[in-house]
Amino acid sequence: MHENSVERARWLRDLLRFLPLRSQFVLSGNTRDLQMHEIAAGEVTAAPLSRVLPDVLKAAGYAQIAWFDLLNGFRDIEPADGSYLSRLGLMPTNGAAAGGIDLLSTTLERHVTADGQPSALVVDFASRLVTRNDALSPAEHQLFSRALILSHAARARPAGEKRLPFFNTVVWIVDKEGDLPDWFLIGNPKIRHIPIGRPDHLARKSMIRSLVRGLPGAQNAPQPALEKCTQEFVDETEGLLLLDVSAVAQLARSEAVPFDRIADAVRRFKVGVTEDPWRKIGREKISSGEEFVRRRVKGQSHAVTHMLDIVKRAVTGIGQSPRGGRPRGVVFLAGPTGVGKTELAKTITSLLFGDESAYIRFDMSEFSAEHSDQRLIGAPPGYIGYDVGGELTNAIREKPFSVVLFDEIEKAHPRILDKFLQVLDDGVLTSGRGDRVYFSEAFIVFTSNLGIYVPGPSGERIANVTPEETFEAVRSKVRGEIERHFKQVLNRPEILNRIGENVIVFDFIRPEVANEIFDSMVDNLLRDVSSLGHDVTLSGSAREVLRGLCLSDLSNGGRGIRNQVEAHLINPLSRALFDRGAETGRRYRIDAVRPGASTSIDLVSEQSS
């Protein structure tokens, strides 16, 4: 093997560098993934660690290599005839010998002190040797006590033509470093911990080059098309393991996904959807979306236009990062209470799915505690609720193609904002159970009341913006306060940077818009009453009195108008119909609305048609 023909992985370079200096090693992290392995000069393949590690140790000069795990016991790797296991006092059959933790403890000492050519013993799945590393059983304690003493007792000796120093090396393969007893590892100068990281884009590209040739339609494709497919495959698999990359290629072959549609295979692997669901949304549906949205969201024309632009980008895919893991759309809706922020999110959901209840909503005021992030992503192993999973990760796994609404985001604990940074950056969250959940098909909506009030000198809330100001002034002040909050209060400007120009500020409900909202609410209410069998109309004079009552205070926006309509129309109408024993099929007219401690109405019965 030519050392400089292909650059080795970092963990492998670290291992080779320290083989003459340390007697034992702990490999942790991405140990169950495939590893890039040079099988000949310039020829690289992906192979499991169980193949790569023995080849590397053999090439480094180890003449004898044995392998142990709790299920299979001991195996001779080099030579494969069982001769080294026999030297260790075992009784191999076909190069293998049964054994458990007690026999491993005894064999470990024989291995470290053995004479002759350098040897290596690899202990695989070492995390499973220990039930609880803070409460070891006698057998577990004996094993690691012996291993600790042997790590210090081991002596290097010259071997091979170059007379390089060699230990009889022990390699422990674990899931994570903390799976082994702390007193065995921490502060032990004779043991080297080497983390194995996830594959970077170079490792994925090395593997993908060979995989692309086997994809449907690639055999006769021109080289530029193959190069384009390779780069797209690399970009789309950002953050995936090499095992995952191989699985995507297998999925593409089994489902006959053409090589130039490799993104569809990656999408299927991540979220279970082969075709891009956003591209399936009818163009006509979005084209007529403005009229549909404006019927429900009044007086926020700039917000509606901006939101629909983001939706169109999500549908067309224009502007999407080539590393296709990020959410399809991200928008931050800010403004006074009751101006239509949540209503716009619901309306967009209805536009996309035909059902406004299809969105996933989280009230972030419920996530203000430090450890409430565990509700979103799930508790880690050993904690209560681990088996349940996280509310957010479970919801996205079930409905990856969805609108996700985070209401009043400023009330969330800052620790949760760090999770959002992962979603906005990489489009992925790792649940408490270790599963990766992808947000690449989700549309993320944040709502906030930031910037409407600011803290006063004594900590009281004072208005930052008022309805008397122009919308341009309101927008400038609100955006400035949002920027100050994320930069100076939260010290997380990077979150705002990920949202970019998609911060949409809503205006106050101005009088002309309030009139539209009032008329819409009253007309909708009368239609609902009619559907229940009571045909009720409202006289012109009664409507104007009711309008004055409902629009006298616009500080709570559309929500406040709805509350007033409930108090001055819904309640007295329900009372009047009930008290009169109103029968279905009859016609009634509200002649007058009479304000008072409790608003009343004059309900007149008309001849049924």
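Keep in mind that what you see is a predicted model, and the values were worked out from it rather than measured.

Scoring rules and cut-offs
- Each chain has its residues counted from 1, following the order in which its sequence is written.
- Side-chain atom pairs in this predicted model are given and counted only at pLDDT of 80 or more, local residue features only at pLDDT of at least 70, and totals for whole chains, interfaces and linings cover all residues.
- Here the side-chain values reflect all heavy atoms present in the structure, with hydrogen atoms and water set aside.
- We define a salt bridge as a side-chain nitrogen of Lys or Arg found within 4 Å of a carboxyl oxygen belonging to Asp or Glu.
- The numbering of helices and of strands both runs from the N terminus, where a helix is a DSSP run of H or I of at least 4 residues and a strand a run of E of at least 2.
- Burial status follows relative accessibility: with a 1.4 Å probe on protein chains alone, a residue under 20% of its type maximum counts as buried, one over 50% as exposed, and anything between as partly exposed.
- Only strands that DSSP links by at least two bridges are regarded as paired with each other.
- Note on geometry: axes are lines fitted to C-alpha atoms, helical ones only across the stretch in contact, with angles between N-to-C directions running from 0 to 180 degrees.
- Note on contacts: a residue pair qualifies if any of its non-hydrogen atoms lie within 4.5 Å across the two residues.
- Note on terminology: a nonpolar core comprises buried Ala, Val, Leu, Ile, Met, Phe, Trp, Tyr and Cys residues joined through side-chain atoms within 4.5 Å.
- Multiply 1.5 Å by the residue count of a helix minus one, and that product is the helix's expected span.
- The directions considered for the arc run from the helix axis to the C-beta atoms.
- In protein, a polar contact requires one atom able to donate a hydrogen and another able to accept it; more generally it is a pair of N or O atoms within 3.5 Å, and residues adjacent in sequence count only if both atoms are side-chain atoms.
- Orientation is classified from the angle alone, with under 35 degrees giving roughly parallel, over 145 giving roughly antiparallel, 65 to 115 giving roughly perpendicular, and any other angle giving oblique.
- Crossings are sorted by hand: turned counterclockwise from the far helix by less than a right angle, the near helix makes the crossing left-handed, and turned clockwise it makes it right-handed.
- Residue type decides the class: Asp, Glu, Lys and Arg count as charged, Ala, Val, Leu, Ile, Met, Phe, Trp, Tyr, Cys and Pro as nonpolar, and the leftover types, Gly among them, as polar.

Focus on the pattern of salt bridges
Then, in step 1: Evaluation of the coordinates by the stated rule reveals 39 salt bridges.
Then, in step 2: Residue Arg294 pairs with Glu290 through a salt bridge whose shortest N-O separation is 2.5 Å. Placement of both Arg294 and Glu290 in helix α12 (residues 289–294) is noted, with a separation of four residues, approximately one turn of the helix.
Then, in step 3: With its nearest N and O atoms 2.7 Å apart, the salt bridge here joins Asp425 to Arg498. In this pair, Asp425 is assigned in helix α17 (residues 414–426) and Arg498 in helix α19 (residues 493–499), connecting sequence segments 73 residues apart.
Then, in step 4: Overall, the relative accessible area of 35% leaves Arg498 in the partly exposed class.

Describing the sheet that holds strand β22 (residues 587–594)
Note on sheets: strands pair through backbone hydrogen bonds, and any given pair is parallel or antiparallel.
Then, in step 1: The sheet built from three strands is open, its strands ordered β21-β22-β23 with mixed pairing. This sheet does not close on itself; its edge strands, each paired only once, are β21 (535–538) and β23 (600–606). Taken pair by pair, the neighbouring strands of this sheet meet at an average axis angle of 30 degrees, ignoring direction.
Then, in step 2: In this sheet, β23 lies alongside β22 in antiparallel orientation, the contact comprising seven bridges. Among the inter-strand pairings, Tyr588 is bridged to a residue of β23, identified as Ser605.
Then, in step 3: Contacts from helix α21 (residues 540–550) reach β21 and β22, with the element oriented near 45 degrees to β22.

Regarding the nonpolar core
Then, in step 1: Formed by 57 residues in total, the largest nonpolar core has its most connected members in Met307, Leu344, Ile348, Phe443, Val445 and Ile590.
Then, in step 2: The dominant element in this core, judged by the number of residues it contributes, is helix α20 (residues 511–531), at nine residues.
Then, in step 3: Apart from residues lying up to four places away in sequence, Ile348 is in contact with Val293, Met307, Leu308 and Val311.
Then, in step 4: By size, the runner-up hydrophobic cluster in this structure holds 42 residues, among which are Ala412, Val423, Phe439 and Val474.

Some points on the pairing of strand β1 (residues 24–29)
Then, in step 1: Judged by how many residues are buried, β1 sits mostly within the fold: five of six residues are covered.
Then, in step 2: One ladder, built from six bridges, connects β1 with strand β11 (residues 191–196); its direction is parallel. Across the sheet, Gln24 pairs through a bridge with Ile191, a residue of β11.
Then, in step 3: Across four bridges, β1 lies against strand β10 (residues 169–173) in parallel orientation. When the bridges of β10 are listed, Gln24 appears paired with Val170.

A closer look at helix α7 (residues 201–212)
Then, in step 1: Here α7 spans 15 Å end to end across 12 residues, near enough to the 16 Å set by a 1.5 Å rise per residue.
Then, in step 2: Regarding α7, the residues found buried are Ala203, Arg204, Met207, Ile208, Leu211 and Val212. What you see down the axis of α7 is that its buried residues fit within an arc of 150 degrees, all on one side.
Then, in step 3: Where the residues of α7 are buried, they touch β2 (34–40), β3 (43–48), α8 (223–236) and α9 (242–254).
Then, in step 4: The N-cap of α7, judged by a side-chain oxygen 3.2 Å from the amide nitrogen of Leu202 a few residues on, is Asp200.

Here we look at the packing of α20 against helix α22 (residues 557–579)
Then, in step 1: Between α20 and α22, the least distance of the axes is 10 Å, while the angle of their chain directions is 40 degrees. As judged from the angle between their axes, α20 and α22 are oblique. Crossing of α20 against α22: the hand is right-handed. Residue-level contacts link Ala514, Ile517, Phe518, Met521, Val522, Leu525 and Val529 of α20 to Gly558, Ile561, Arg562, Val565, Leu569, Ile570 and Leu573 of α22.
Then, in step 2: Among the residues making up the contact of α20 with α22, the classes are represented as 12 nonpolar, one polar and one charged.

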